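Structure at a glance
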Amino acid sequence: MHLYLNSKKSLELKYFKLAVENASDQIVITNSEGVVIYANKSIKRVTGYSQKEVVGTKAGRLWGGLMPKSYYSKMWKTIKVDKKVFKGQVKNKKKNGVIYTAEIHITPVLEESGEIMFFVSLERDITKIIELNDAKEEFITLASHQLRTPLSAINWYTEMLVNGDVGILSNKQFIYLKEIQKCNTKMVGLVNTLINVSKLEMDTFVVSKSEVNLEEIIKDIILELTPVINKKRISIIPKYVGNIRKIFSDPKVLDIVIENLITNAIKYSKYRGQVNILIKIVKDKLFIVVKDKGIGILQKDKDKIFTKMFRATNAKNQDAEGTGLGLYTVKSVLKKVGGEIKFTSVSNEGATFYVAIPIK
Amino acid sequence: MPKPKVILIIEDDESIGTVLLEKFKKEEFHVEFAQDGFAGLELALNTHPDIILLDILMPKMSGLATLRSLRKDSWGSQVPVIILSNVSSEKEEVIKSVAKDKPSYYMVKSDVTLDQIVGKVKELMVV
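Residues numbered from 1 in each chain as written. Chains lettered and ligands numbered in written order. Predicted model: local features only at pLDDT ≥ 70, side-chain atom pairs only at ≥ 80, totals over all residues. Heavy atoms only, no water.

A few words on the overall build of chain B. Looking only at helices and strands, one finds five helices and five strands in chain B. In sequence order, chain B lays out its α and β elements as β-α-β-α-β-α-β-α-β-α. In chain B, the share of contacts with a sequence separation of at least 24, taken over all contacts with a separation of at least 6, comes to 63%. Only carbon and sulfur atoms are counted for the fraction: they give 53% of the accessible area of chain B, which is about 6000 Å². (Helix = DSSP H or I, 4+ residues; strand = E, 2+ residues; numbered from the N terminus. Contact = heavy atoms within 4.5 Å. Areas by Shrake-Rupley, 256 points an atom, 1.4 Å probe, with all protein chains shown as cover.)

What follows deals with the sheet that holds strand S11 (residues 340-346) of chain A. Strand pairing in a sheet takes place through backbone hydrogen bonds and is either antiparallel or parallel in direction. Residue and element names in this part refer to chain A. The sheet built from five strands is open, its strands ordered S7-S9-S10-S12-S11 with mixed pairing. Two strands lie at the open edges of the sheet, namely strand S7 (235-241) and S11, each paired on one side alone. Neighbour-to-neighbour, the strand axes of this sheet turn through a mean angle of 10°, independent of strand direction. In this structure, strand S10 (residues 285-292) lies alongside strand S12 (residues 350-358), joined through eight bridges in antiparallel fashion. When the sheet's bridge partners are listed, Phe287 is paired in S12 with Ala356. Of the strands in this sheet, S7, strand S9 (274-282), S10, S11 and S12 touch helix H8 (residues 251-267), which is tilted by about 15° from S10. The strands touched by helix H10 (residues 326-336) within the sheet are S11 and S12, with S11 carrying the most contacts at an inclination of about 145°. (Pairing = 2+ DSSP bridges. Axes fitted to C-alpha atoms, helices over the stretch in contact; angles between N-to-C directions.)

For soluble globular proteins, nonpolar side chains are generally found buried alongside one another. Residue and element names in this part refer to chain A. With 44 residues, the main nonpolar core has Leu214, Ile236, Leu286 and Phe353 as its most contacted residues. Elements with a contribution of two residues or more to this core: helix H7 (214-232), H8, S9, S10, H10, S11 and S12. The greatest single-element share of this core, amounting to nine residues, is contributed by H8. The residues touching Leu286, leaving out its near neighbours within four places in the chain, are Leu214, Ile247, Leu254, Ile279, Lys280, Ile281, Val355, Ala356, Ile357 and Ile359. (Core = buried A, V, L, I, M, F, W, Y, C linked by side-chain atoms within 4.5 Å. Buried < 20%, exposed > 50% of the residue type's maximum accessible area, 1.4 Å probe, protein only.)

The next point concerns the environment of Asp36 of chain B. Residues and elements named next belong to chain B. Position of Asp36 relative to the elements: it lies in the loop between strand S2 (30-34) and helix H2 (37-47). On the basis of relative accessibility, which here comes to 10%, the residue Asp36 falls in the buried class. Among residues more than four places away in sequence, those in contact with Asp36 are Ile10, Met58, Pro59 and Lys60. At a separation of 2.9 Å, a polar atom in the side chain of Asp36 contacts the main-chain amide nitrogen of Phe38. (Polar contact = N/O pair within 3.5 Å; in protein donor to acceptor, adjacent residues only side chain to side chain.)

Contacts between the two partners involve 28 residues from chain A and, on the opposite side, 29 residues from chain B. In this assembly, chain A packs against chain B so that about 2400 Å² is buried in total across both faces, 54% of it on carbon and sulfur atoms. The largest per-residue losses of area from chain A upon contact with chain B belong to His145, Arg148 and Trp156 of chain A, which jointly make up 28% of the total buried on that side. Here Lys23 of chain B makes a salt bridge to Asp165 of chain A, at a shortest N to O gap of 2.8 Å. Connecting chain A to chain B are twelve residue pairs in polar contact (both at pLDDT 80 or more). (Buried area = accessible area lost by both parts, 1.4 Å probe. Salt bridge = Lys/Arg side-chain N within 4 Å of Asp/Glu carboxyl O.)

Looking now at the packing of aromatic side chains. As enumerated under the stated definition, the model contains six aromatic pairs over all chains in all. For the pair Phe24 of chain B and Phe29 of chain B, a centre-to-centre distance of 5.2 Å together with 85° between the ring planes defines the contact as edge-to-face. For the residue pair Phe24 of chain B and Phe29 of chain B, the accessibility class agrees, reading buried in each case. Among the aromatic residues, those joined into a cluster by ring pairs are Tyr71, Tyr72 and Phe86 of chain A. (Phe/Tyr/Trp six-rings, centres within 6.5 Å; stacked < 30°, edge-to-face > 60°.)

Following this line, the structure appears as structure tokens:
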């Protein structure tokens, strides 16, 4: 150890000290027993206790202690026994009694011998961030509810009229109502897509896996698409390899991915076209292949088809009303489950999309 | 003539409530109707319907709270309930998990036709 420091070193040290002292996150240094040796200025703003009040007390004694005992014992084991960094979210209590949520990182600083020299703990008050996330969640819930409720009412009244539940309709009345029904169904699809995209963008899309009957999901999707399939005289040829009735995955994700791929395959098929669906399980992976013989993807559009709001030139000509959100949503939800998507296509001959999803 | 089956519809939205009511009358059900969870629960426990259609987002008492109270009753623990909702996002997960405790089922309003709802109700009546 040097007994004195030269002026350059001491200046450097001064900067370090000022940086730590004035950092916006709460920084606490404790000895190996967890007794506070140092706390920076932010301790006052975050916990309400002054630097003087906390030095000499056991870290967290004043502002912590709200979590179950097992939480703290796990924390101590991580930093003291395993000598690793502990990261977590804790509920703490300010001096004035207000509860807040903090994100904490505690790092053990070791001697060369491996002994613990001291602990450094960084804490950040994330109460506002959590509130904001809840608000986003609430917004999506309400928006989806408010948008879908009138659409459901329109749907059901139209259905009763079309079914002749309230009297026989003239031919023209029937055709017009069918038109209303078609537009309304489109609107429901659009709202669902927008909700999914908002969830993805606001990062509130949560993956929850369960046992899924994929055959059932695909059956429902095809059933829903029957009107278009019949209108264009498309033949859909599904092939399943392996037990796809019991898959451990997120049903929402599978539904979004497969529905979009099949819808696109039908939409961009030619009259009397053919769509092949192959679902295959190999080890811990689910493979989905959807192949059409439609208009295909132009070379110049190939690197853009997963981009939000992008619509391929030939796709626009075929169907003017697409949103440009389908493949973007597919790629985004796949990312959430560690899945991948790629495609091959020759313009005017068709396109094949390949998806792989881990299912363990 | 067999006694008509009794269906209880708990729904706060007037347009939705009316069309469900009309449809099930047309299908020759006897329809009971409540516009919030609190009134719905009371009506359910008093009239013991054969099946319940339950909305989620409602004033006074939410559909999930209604279902929880209903399931505490010995008759109420057995009655089939179809949760009919347009709620999306994570709440959907909660509702789906609730619906796993049979005899509860879950349908998204905007994704089903009236005929599909009637079909589900009839399917549950046969059992």
